[in-house]
Amino acid sequence: MYNISLLCPTRHRTQGLKRMWDSALNTAADPDKIELVLYIDYDDEETINFLKSNTLSNIIKIISNPSQPEIYSNLHNICCQNSNADIVFSCADDLIFRSNGWDDLVINKFNEIKDKIAFLFPNDGHWGSKFGTHGFFHKNWFNGLGYLSPALFTVDYSDNYINDIAKAINRSFYMENIFIEHMHWTFGKMEFDQTAREAHDRRSNTNNASIYRNFETMQQQREDIQKLFQFINEEI
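Residues numbered from 1 in each chain as written. Predicted model: local features only at pLDDT ≥ 70, side-chain atom pairs only at ≥ 80, totals over all residues. Heavy atoms only, no water.

> How should I be thinking about the overall build of the protein in this particular structure?
Looking only at helices and strands, the protein has 9 helices and 8 strands in total. Its C-alpha atoms give the protein a radius of gyration of 17 Å, near enough to 18 Å, the size a compact globule of 236 residues would have. Oriented by its inertia axes, the alpha-carbon framework of the protein measures out at about 50 × 40 × 35 Å. In the protein, the share of contacts with a sequence separation of at least 24, taken over all contacts with a separation of at least 6, comes to 77%. Accessible area of the protein: about 11100 Å², with a carbon and sulfur share of 45%. (Helix = DSSP H or I, 4+ residues; strand = E, 2+ residues; numbered from the N terminus. Rg over C-alpha atoms; globule rule 2.2 N^0.38 Å. Contact = heavy atoms within 4.5 Å. Areas by Shrake-Rupley, 256 points an atom, 1.4 Å probe, with all protein chains shown as cover.)

In structure tokens form, the structure reads like this:
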């Protein structure tokens with residue numbers, strides 16, 4: 001049984017992926033209890049061949065189905081469905097784990113919360129306490145809603161959706177003592193690579209801000225808040 005699963009859609013970033021996974025294991029208090037769940041596009045031969053030729057332990061690989069394309073904000077949900085830990089992290093291939101014992105800090109915080117409903121987000125080196133772009137959940141959140149965030153967004157705003165819900169139920173926790181650096185190209189920490197260009201094209205072609213602010217999404221948020229409140233109240 002794993003303690004924490006890192007849920008990571010990845011595309012054309014084999015070196016970034018390896019850097020992220022190595023940093024997670026090298027800084028974990030119990031690396032044997034950390035699992036990596038990857039979502040890989042069927043046409044991403046670079047990543048598929050890299051994983052075939054490199055021995056990486058504790059990894060689950062999910063290859064996309066070309067006949068059933070998935071929207072971006074559902075990829076972490078698919079990874080979560082296939083994970084083997086109670087605690088999951090909405091990970092990315094452009095992160096670097098910087099804090100020793102980050103896994104113990106996360107587990108200890110969830111142990112303080114009886115119902116386990118919470119969004120724990122680390123210092124990403126940019127937003128700090130203001131916003132959680134990536135964070136930790138207990139599967140009670142996933143089981144209560146049926147997802148970490150809904151399958152609505154092509155690139156952005158799933159993190160906005162999550163932050164809003166977590167704040168509304170007073171279960172948003174900034175883990176200042178955990179530094180997981182986000183090496184995003186907009187922060188000047190990496191190049192504007194092929195994966196970033198593809199994401200930017202989706203951003204340009206899809207008005208995710210409008211989807212996020214429309215009536216149906218706002219109504220869904222309100223329903224999700226009530227579901228989590230109900231779960232919390234049942235556990236009191």
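Still to come is the rest of the account.
> Sorry if this is basic, but what is going on with the packing of aromatic side chains here?
Two aromatic rings are characterised by how far apart their centres lie and by the angle between their planes. The tally for this structure, following the rule as stated, stands at 13 aromatic pairs. Geometrically, the ring pair formed by Phe97 and Trp102 is tilted, given 4.8 Å between the ring centres and 45° between the ring planes. We note that Phe97, like Trp102, is buried. Connected via pairs of aromatic rings, a cluster forms that spans Phe119, Phe121, Phe137, Trp141 and Tyr174. Lying over the aromatic face of Phe173, Lys109 brings its terminal NZ or CZ to 4.4 Å of the ring centre. (Phe/Tyr/Trp six-rings, centres within 6.5 Å; stacked < 30°, edge-to-face > 60°. Buried < 20%, exposed > 50% of the residue type's maximum accessible area, 1.4 Å probe, protein only. Lys NZ or Arg CZ within 6 Å of the ring centre and 35° of its normal.)

> Even after reading the chapter, I still don't get helix α7 (residues 194–205), so can you show me in this structure?
Counting along an α-helix, one turn takes 3.6 residues, and residues three or four places apart therefore face a common direction. Given a rise of 1.5 Å per residue, 12 residues ought to cover 16 Å, and the 17 Å separating the end C-alpha atoms of α7 matches this to within 8%. Three or more residues of α7 are buried, namely Thr195, Ala196 and Ala199. End-on, the buried residues of α7 take up no more than an arc of 95°, which puts them together on one face. More than 90 degrees from the buried face of α7, the exposed residues found are Ser204 and Asn205. (Expected span 1.5 Å × (residues − 1). Arc of directions from axis to C-beta.)

> Looking at this structure, I do not really get the pattern of salt bridges. What am I missing?
A side chain with one charge may pair with a side chain of the opposite charge, provided their charged atoms come close. All told, the structure shown has 12 salt bridges when counted by the stated rule. In this structure, Asp22 engages Lys18 in a salt bridge whose closest nitrogen and oxygen atoms are separated by 2.7 Å. Of this pair, Asp22 and Lys18 both sit in helix α1 (residues 14–27), separated by 4 residues, roughly a single helical turn. Judged by relative accessible area, which is 31%, Lys18 ranks as partly exposed. Salt-bridge contacts for Arg98 lead to Glu181; the nearest nitrogen and oxygen are separated by 2.8 Å. (Salt bridge = Lys/Arg side-chain N within 4 Å of Asp/Glu carboxyl O.)

> Whenever I open this one, the nonpolar core confuses me. Can you help?
Side chains of nonpolar character tend, in soluble globular proteins, to be buried together. Grouped together as the largest cluster of nonpolar side chains are 33 residues, with contacts concentrated most on Ile4, Leu6, Met20, Leu36, Phe97, Trp102 and Phe136. Elements supplying a minimum of two residues to this core: β1 (2–10), α1, β2 (34–40), α2 (45–53), β4 (85–90), β5 (95–97), α4 (102–111) and β8 (172–182). If we skip the residues at most four places from it in the chain, Leu36 touches Leu6, Cys8, Leu17, Met20, Trp21, Asn58, Ile59 and Ile60. Residues Leu75, Phe153, Leu228 and Ile232 belong to the second largest nonpolar core, which totals 30 residues. (Core = buried A, V, L, I, M, F, W, Y, C linked by side-chain atoms within 4.5 Å.)

> Can you help me understand empty space enclosed by the protein in this one?
Empty space among the atoms becomes visible once a probe the size of a water molecule is rolled across them. The tally for this structure, following the rule as stated, stands at 1 cavity of 30 Å³ or more. Volume-wise, the largest cavity comes out at about 40 Å³. Residue composition of the lining of the largest cavity, grouped by class: 5 nonpolar, 3 polar and 1 charged. (1 Å grid on protein atoms, 1.4 Å probe; cavity = no way out; pocket = protein on both sides within 12 Å on 5 of 7 lines; lining within 4 Å. Points joined across faces, edges and corners; volume = space filled by probe spheres on them. Nonpolar A, V, L, I, M, F, W, Y, C, P; charged D, E, K, R; others polar.)

All quantities given are derived from atomic positions and should not be read as evidence of function.
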